[in-house]
Structures are given as structure tokens and as C-alpha cells.
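Residues per chain, in single letters:
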Amino acid sequence: MIVTKQDPQTRKRKNAVFGWVLSFVKPYRNWVVICILASLLVAVADILMGVLIQRMVEHTNDFDKLLHIALIIFCLTIVGFLAKYFITYSAARFSARAMRDLKNKMAAHLEKVPMSTMDQYHSGDLVSRLTSDAQILQSFLQQHFFQLFYLPVVFAGALTLLLSINWKLIIFSVAILPIAIVITGRMSRPLQTYAERMQEHLGQANTVAQDTLSGIHMVKAFQLEDVMYRKYAAGMKQVLKNGILAEKKRAWMTAPGILLFSAPILFFVAYGGYLIQTGELSLGSLVIFSYLLHFIIEPLSLAPVLFAQVQETSGAAKRLQDIFLQPVEENGRTAIPIDPAAVPVEFENVSFAYEKTKILENVSFVLPPNKTVALVGASGSGKSTILKLLCGFYRIEPGNGCMRVFGHSLNDWNTAEMRHYLSLVSQDTTLFPVSIAENISYGRVHATRDEIIAAAKAANAHDFILELPQGYETKVGERGSRLSGGQKQRIAIARALLKDAPILLLDEPTSALDTESEALVQEALENVMRNRTVLVIAHRLSTIKDADEVLVLEQGQIVERGTHYELLAQGGVYTRLYQKQFATDEQRALAAEGV
Ligand SMILES: Nc1ncnc2c1ncn2[C@@H]1O[C@H](COP(=O)(O)OP(=O)(O)OP(=O)(O)O)[C@@H](O)[C@H]1O
């Protein structure tokens, strides 16, 4: 059983998604501080510029003073330019690095979550989160983070200055703005929903694209191109629809937004002109007013947009955090010493359900050292599930029996450590799109070239590998698409041979191989099974006949057990199964023996 744990840091911040995002930014806090300071500097420079412009207007007759002010304005412009450069540079630096760390951590985390969790997600959706959602987060940090500091400061500075110059004029001018904010805020609300829907449909479309491309042979063979294309296009249609709805909303917001946010200028011109006439306001003050009013209107008009962006970013961050909140397999336990003489595998009254439907019920068996136990049963009877449980891919609930490997319960094992003692050869061979040598070396990462070749020879793979254009360096393509079924299986067997684990879990290939290829695979399997403890899902009569014990599964229960001949003598479930599934094999075997 897998004991699971949660990253304590993640658990603490379960509901504080921005706190969680900040934990990735924290290591680059120096750059964040530079970004914030530079934002504040730009805000101060913008306000100071207003004061200097006012001074200029008030000293139009004093050339020396004007020159002095012009020099300060020049210096301030340079400072403002440099500060803006640092905002862009520092934001790019910390956002890109924080996202790199987040993606790395997410990739590492995904490798550690149990299979039961992985079953809930589609890899296309996960890739979409890792790319598209992370991109939204990065864009916010890079382009909008500084506004959270710049806009309030420039707003407060401009407001204070304007209030001190003529409070009536500023109050009168901006009186309409709260209404404008409420209206545009309300109008911008659906933007968040559209953005979420877009991301969701994009994830679904990516999923279809990934399924289509990875299963392109089947898609072509069954002429599913149209079906898949329509599914993808339907997803993209929704992406487009929500994108257009969002843009429409933005466009609708723009006209009233401009009108509402330009209203203060109209009020200002009318009332400001009146105040000049009555002598309550100087020309210099009017100029600084017109300059600073922009710094009141801009933050307020951007506030709803920024709010919508914060919402969108928070949605993306939540989708990413959702992955991190998934518990990981407990691999922190110390390795336990094993007694090589102990029973390699033991199942004691194991019951298991993937979700609610019971798949295994009270399964008990012992796999002694260097013996072979064969699992047989109808499709869906639970044979593969037994292998998956033994690999620690799924946990069994307390009270549902015990699985032991070399005498230790799977609860006590460090799962990764326990897997050192297992080799898995499944019929659904997984090869990676790297060279043949590298694929074999995944059995033991630090194996030498000679060891890789020796394993390939024992797996009957060496000769065909040498015939390939780049020999051992030939890239096998996605999922080994450049190799035949039999060749892939022999590479998988070479990988298992290289690992040299004491326990072999084998799902015998059922795929129709030609006679020659089948004989080569069979011989390779015999090599890998020799002197090993083997639990095999048997599809061949020869394997079943050679097995020390055959377990017959029916609807998740072991209904019969014994050797092939003992079971045949019983005339029960196995006999029926044998007649249905293996008789053709038997006839072939008899024919080969000349009977
Ligand atoms: N990840 C999963 N989530 C939910 N149900 C599953 C999962 N994997 C398998 N099942 C179900 O568990 C049952 C047993 O499946 P299992 O693969 O163990 O059968 P099997 O005997 O190996 O079949 P076959 O010989 O066809 O491979 C099946 O009904 C299957 O639908």
C-alpha cells in the first residue's frame, strides 16, 4: 500500500493561491524588490514632473530658473527611463525564473503522484496547464505586477497634490469616477468567466490533438480523421467563441469607458476655466492640474482591467495549484534490508476497488523464490490489477488485506526502493523516443555499453539492432513507432534483463507476431525468466504448462489453483477456459510434436 503525504508548504497555503505563487517568486526577491522600487521611483518621477511643469509656468520670465528646471526635468526623464528599464528587466527575470521553477517542480511532482490520481487527468490537460496556464501567470508577473505598486502610488501622489492646489476643482472633476468604476467593473465581470471557459476548452482541444497524434495509425486505419478533426474544431470553436465574447465585451466597455473617464476632463475644463476667470486658480495650477489629472484617471480606469487580470491569473494559478495539492507517493522512508531467502511475493486476503466497483476479492497466494506463478482468467477478471498493485501503483484501503514483498508489507516499504526488486515487462511496451541503447539503459541507467549489448543479445535483439541504419544509436520514434511489435518487445525484454531484478512481472504478449518473431520473443522471455521469481499473466500454453502454480481468476477471485494438469483433471473453470483460449495453441503444439 502506498502511504501518501502532502507537501506541508502546499497544505498550509491551500486557499491562498497568491501566497503559493509568491513562494515561487520568493527566491528571486531581490529582483522583486528592484521591480517594486523602480515602480515607486517612476511614480514619484511622474508626480515630480508635474510640480516642475507648474514651476516652469510660474517662472516664464526667469531664464536661469527655467534652465535650472529644464535640467532637472532632463535628469528626471533619464531616471524615469532607467527605472522603467529596470521594471521590465527585473520583472522578466523573476517571472521567467519563477515559472521555470514552478514547471520543474510540477513535472517532478507529477512523476510522484500515484496512478489513482493520474487516472483522473488527461495528459493533454496536464500539458495545457503546464504551458498555457503557466504562461498566463508569467505574463501577469511580467507585465502587470508592477502596476499593483505604481498605480496606487501615482494615484495617491497626484490626488494629494491636486487636493492641496484646489480641492474643489479635483473633487468636482472626479466626482463621476466612482460611478464609472462601478459601471466598468460590472461590465468587466464576465471577462473572467470567458477566460476560464477559453482555458477549459483549450485544454480539451489539446487533449484531442494529443490523442489523435499519438494514435495517428489507428486514426488513419479507421478513417477517423474527420471525427477527430470535428472534435478538435468543436473545442477550438468554443475557444474562439469565448475569445470573441470577451473581445466584444471589451469593445463595449471601451466606448462607455472612454466617455465616462473623459468626463472629468470636460468638467475640469469648464470649472477650471471658471476658476481662472474668478482668479481662484493660477495658470500654472491649471497646467499642473491638466497634467496630473491623467494620473488620477489612468489608475481608476485601469483598476477594473487589472482586477479582471488578477482574477484570470488567479484562475490559472488555481488550476496549477490543483496539481500540487495532489498527494504524492511516500518515498521518504528509509530502505529496509531484505532477507534474500524470504518469500518474494505474498498476497493475503487482498481486496481492491479502483473507484467503487470491487475488482479483487480476498486474493491470497504465495510466490516462492525462483518459482513461476501464472495468472489466467477471462478478460477483465483482474489479472493486470494484481500486477499493478504489486508495483505499488494503487493503494489498498486499510482492512483489505496485505501484500508483502520479501516479507515486508508494502506499507512499510519505500515504494521507489521496493521497485528496485521488480522488473515489469508488459505487453503494451513503452519505448521512449530516444536511441535503442538509451531505451535499454533505462533498465539500469549507469550500465556500460557492453552490458547493454549483452542484454540485447540475451533478448534476441542484437542482430536486428545491428541491421538498423545507426545500430544502437537508432532513434525508435514516438512510442517506438519505427520498430515492429516483436522488436519492441525484445527491446523491453533487454531492458528487464539489464535491470536484473529478482522478481519479474510479466504480461505475455498476445499481439499476433509472425512465427519467426514469436519464436525470438519466446526465447528472449525464457532467458529473462530463467532463475527468477516470476508472476506472469499467461497467454501461452507452454508458459502455463511450465508454471509451478496456475491461479485461475474469475471476477476478481481465485476460483481454482494448481498445476496445469491438476486443473485439467478438475474439469472446472480452468478446463472451460483452456478449451476456449488455449486449445488452438495446444493443437499447434501437438502438430509441432508430430502428433
Ligand atoms: N485504472 C482503472 N480505473 C478503473 N477501472 C479499471 C482501471 N483499470 C482496470 N479497470 C477495471 O478493472 C477490471 C479488471 O481489469 P484488469 O485490467 O485487471 O483485467 P485483466 O484480467 O487484466 O483483463 P485483460 O486480460 O483484458 O487485460 C476491468 O473491469 C477494468 O475495466
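The rules behind each value
- Residue numbers run consecutively from 1 along every chain, following the written order of its sequence.
- Under the rules for a predicted model, residues below a pLDDT of 70 receive no local features and side-chain atom pairs below 80 are neither given nor counted, while totals for whole chains, interfaces and linings still include all residues.
- Only DSSP runs of H or I reaching four residues or more are called helices, and only runs of E reaching two or more are called strands; each is numbered from the N terminus.
- Every radius of gyration here is taken over C-alpha atoms, with the globule rule written as 2.2 Å times N^0.38, N being the number of residues.
- To sort residues by burial, count the other C-beta atoms lying within 10 Å of each one's C-beta; a count of 20 or more means buried, 12 or fewer means exposed, and anything in between means partly exposed. C-beta atoms are built from the backbone.
- Residue pairs are scored as contacts if the distance between their C-beta atoms, which are placed from the backbone, is within 7 Å.
- Note on pairing: two strands pair once DSSP finds at least 2 bridges between them.
- Lines fitted to C-alpha atoms define the axes, with helix axes restricted to the stretch in contact, and inter-axis angles between N-to-C directions lie between 0 and 180 degrees.
- Each residue after the first adds 1.5 Å to the expected span of a helix.
- Throughout, the edges of the domains are those of an automatic or database domain assignment.
- We call Asp, Glu, Lys and Arg charged. Ala, Val, Leu, Ile, Met, Phe, Trp, Tyr, Cys and Pro are nonpolar, and the rest, Gly among them, are polar.

Before going further, it helps to spend a moment on the overall build of the chain. Summing up its helical and strand segments, the chain has 21 helices and twelve strands in all. Taken against the 2.2 N^0.38 rule, which gives 25 Å for 595 residues, the C-alpha radius of gyration of the chain at 35 Å runs more than 25% over that of a compact globule. A total of 595 residues make up the chain; the buried ones form 34% of that total. Within the chain, counting contacts between residues at least 6 apart in sequence, those at least 24 apart form 81% of the total.

Another aspect to go through is the sheet that holds strand β8 (residues 422-425). In spatial order, the strands read β8-β9-β10-β5-β11-β12; together these six strands make up an open sheet with mixed pairing. Every interior strand has two partners, whereas the edge strands, β8 and β12 (557-562), have only one. The mean inter-strand angle of the sheet, taken between neighbouring strand axes irrespective of direction, is 20°. Here β8 pairs with strand β9 (residues 503-507) via four bridges, running parallel. Following the sheet pairing, leucine 422 is matched in β9 by isoleucine 503. Sitting on the sheet, helix α17 (residues 485-499) is in contact with β8 and β9, with an inclination near 175° to β8.

This part is about helix α6 (residues 123-144). With 22 residues, α6 extends 30 Å between its outermost C-alpha atoms, agreeing within 8% with the 32 Å of an ideal straight helix rising 1.5 Å per residue. Residues Ser128, Arg129, Asp133, Ala134, Ile136, Leu137, Gln138, Phe140 and Leu141 constitute the buried set of α6. Here the buried face of α6 lies against α2 (17-25), α4 (63-112), α8 (177-214) and α11 (283-324).

On to the domain arrangement of the chain. One can read the domain layout of the chain as domain 1 (7-327) and domain 2 (345-592). Using only C-alpha atoms to locate each centre, domain 1 and domain 2 end up separated by 54 Å. When the residues that make up the side of domain 1 that touches domain 2 are grouped by side-chain class, the tally is two nonpolar, two polar and no charged.

Relative to the helices and strands, glycine 480 resides in the loop between α16 (462-467) and α17. The sequence separation of glycine 480 and histidine 564 amounts to 84 residues, and the corresponding C-alpha distance is 36 Å. In this view, glycine 480 contacts Thr429, Leu431 and Lys488; residues no more than four positions away in its chain are not counted.

Turning next to the sheet that holds strand β4 (residues 358-367). On the basis of which strands lie adjacent, the open sheet formed by four strands has the order β4-β3-β6-β7 and antiparallel pairing. Only two strands of the sheet have a single partner each, and these edge strands are β4 and β7 (408-409). Both strand β6 (residues 402-405) and β7 contribute to a ladder of two bridges, which runs antiparallel. The residue bridging valine 405 from the neighbouring strand is histidine 408, located in β7.

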